[in-house]
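This is what each chain is made of:
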Amino acid sequence: MAISRSPDWSVASINSCRNPHHIIIFSPSWKTLSFLSPTCSSNFPLFHVNSSSCPSPILEEPSSANFPVVQWDSSVQDSQEPDSENLNDFLCGVLQDPRTEHLAYEYYKKATERQEFKPEKSMLKLLMRYLIRSKNWGFILSVSDDFVKYNSLPDSHTCSILVSSCVKARKFRIVETLLEIFKSYGEIAVFAFDSAMRGYNKLHMYGRTIFVYEKMKLTGISMDSGSYYQIMKAYQKIGDTEKVLALFHEFESRKLEHSRPVLIQIFRVLCETLGRSGRAFEALEYFGDMRKKGILGDSKIYSSLICSFASIREINIAEEIFKEAEEKKMLRDPEIFLKLVLMYVEEGLMEKTLEVIEVMKRVKMRVSDCIFCAIINGFARRRGFHASVRIYEELKSDNCEPGQVTYASIINAYCRTGLYSKAEMVFMEMQKKGFDRCVVAYSSIISMYGKTGRLRDAMRLVAKMKVHGCEPNVWIYNSLLDMHGRVKNLRQIEKLWKEMKRRKVAPDKVSYTSVINAYNKAKEFDTCVRYYNEYRINGGTIDRAMAGIMVGVFSKIGRIDEVLRLLRNMKIEGTQLDGRLYQSAYNALRDAGLQMQAKLLQESFEAM
């Protein structure tokens, strides 16, 4: 800016209360700025106006030469008071300098006290952007009231940023006020409402997006293509397929101008919505219409279609689209490969899952832990654990990297196939990679220790997992209860049971069965009855294992009435007798002299 050297120009010195050492010297376009009268407040700076005939002592001191100086030229005479245009220029100057922009709102409010002042669009643009940047939401609400008063607004882009910023900051009351103001201003209204819908969608507040859309309809604001995309997305998220379809037809009938990216987004929402609602063939038809119009699909549309047909197990169509997507280099979504693997597993086409891995290598897509695990578990389910182990070792040698879920699955497979040393080796490898808090893996290894009689190793591993912050679950406690029950270590069982209660791990049917069986082996029948009654009070049902133990317990202590009650409860709950349980119950009734009941039991069992 040019610097005026006329001796007749006045000087206004601003001494900020916030920073008394930061002094700014203005060369304004008038002798006195009467509209900016000084306020002695702790919140706003003191503003002193000095005549050019009385030079400021600050200017006479050489030591003040380092203070920043901001000067503006003017085309008006010294004797003139500033008109509204010059006030706007002045405020723009204040807002454009980082050293003075914090004064802008106070100056603006002083300017509004003059009747002839009318804020201009360029000044409002700078002011609103500063207030957004400084997060002065209360000031924004105050200035927005002046939009109506002066019938003057910033440009549409600024209004859009203003609305989206308020939504992001969750200042929803201000958003509602702004939309109410903007609704009568044509293009600004479209931009503002579109920003509101986009902002609410980002916050997953789809109900609010729909509310804004309904307000647009009520006000008569004509939506553009971007607005159609936002409202279709909101209805998609709440699962209203018919509304998405209706909005798409409405959009097509209006023949709006639109950019190609927005049109692709709209088709993508439509295809995804139809696919997820089980209407994959309709989605494919719209995709065909899209291509007839010369609009090429993107990777997300291909992903949506492939996943949709994989979900309904339309293998041929899913494979055809998958092949086309690979040729067009549109395979970028890992979900595609997972969906195909799961489809092949459900159909029992296990070799096809390995073909998916080959395609992933060709398109340079990393085999995720979920996909690796899905294949391993699929082979275990369809071909057995030995096949699962073989495929795991093949894929691992082919540079597929297992993660925590895959490690847990293969450890279980090794344990099920009796390859205990390999299970331990994989468990150690898993821990070295930092996966040391997987309860499923710990459970498999502890169960393995129990089966092989390594009680000390099992207890040591439990202590280790606790150190790592991994809390034992009911499966682990069940394994410990079972292994200590086999050796009749009742003291340790009692200790584990109390620990479960203390850690609020709810015992299940297996827990009670293990404990009752342990006390039965130790011939502490009263304790067996106590745990059984606790189990029943807590809503536990009677299975064959529990019934077999308790029939023996009740028979040994001569409580035949309890045997009869147990058999009645089994019948009510639909638990059928097996040969072993029948023989035990029959012998108990016969030995107690209840031949009639024993005969009825025999007839009932033979009729099964």
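Relevant structure appears above.
Residues numbered from 1 in each chain as written. Predicted model: local features only at pLDDT ≥ 70, side-chain atom pairs only at ≥ 80, totals over all residues. Heavy atoms only, no water.

(A) Looking closely at the pattern of salt bridges. Per the stated rule, a full pass over the model turns up 40 salt bridges. Salt-bridge contacts for Glu424 lead to Arg454; the nearest nitrogen and oxygen are separated by 3.2 Å. Of this pair, Glu424 sits in helix α21 (residues 420-432) while Arg454 sits in the loop between α22 (439-451) and α23 (455-467), and the two are 30 residues apart along the sequence. Residue Arg454 is classed as partly exposed on the basis of its relative accessible area, which comes to 28%. Here Glu534 ties to Lys501 by a salt bridge, and the two come within 3.4 Å at their closest N and O atoms. With Glu534 in helix α27 (residues 525-537) and Lys501 in helix α25 (residues 490-502), this pair connects stretches of sequence that are 33 residues apart. Residue classification places Lys501 among the partly exposed positions, given a relative accessible area of 44%. One network of salt bridges, with partners in common, ties together Glu176, Glu180, Lys183, Arg208 and Lys215. (Salt bridge = Lys/Arg side-chain N within 4 Å of Asp/Glu carboxyl O. Helix = DSSP H or I, 4+ residues; strand = E, 2+ residues; numbered from the N terminus. Buried < 20%, exposed > 50% of the residue type's maximum accessible area, 1.4 Å probe, protein only.)

(B) Geometry of the packing of α22 against helix α24 (residues 474-486). Between α22 and α24, whose axes approach to 9 Å, the crossing angle comes to 10 degrees. The angle between the axes of α22 and α24 places the two elements in the roughly parallel class. Judged by residue contacts, Val439, Val440, Tyr442, Ser443, Ile446, Ser447, Gly450 and Lys451 of α22 engage Trp475, Ile476, Ser479, Leu480, Met483 and Arg486 from α24. (Axes fitted to C-alpha atoms, helices over the stretch in contact; angles between N-to-C directions. Parallel < 35°, antiparallel > 145°, perpendicular 65-115°, else oblique. Contact = heavy atoms within 4.5 Å.)

(C) Layout of the packing of aromatic side chains. One pass over the full model with this rule turns up 21 aromatic pairs. Judged by centre distance (5.7 Å) and plane angle (20 degrees), the rings of Tyr519 and Tyr531 are stacked. In this pair, Tyr519 is assigned in helix α26 (residues 509-521) and Tyr531 in helix α27, connecting sequence segments twelve residues apart. For Tyr519, a relative accessible area of 5% corresponds to the buried category. The class for Tyr531 is buried, based on a relative accessible area of 5%. Of the aromatic side chains, those joined through ring pairs into one cluster are Trp497, Tyr512, Tyr519, Tyr531 and Tyr535. One residue, Arg530, lies across the ring of Tyr531, its end atom 4.7 Å from the ring centre. (Phe/Tyr/Trp six-rings, centres within 6.5 Å; stacked < 30°, edge-to-face > 60°. Lys NZ or Arg CZ within 6 Å of the ring centre and 35° of its normal.)

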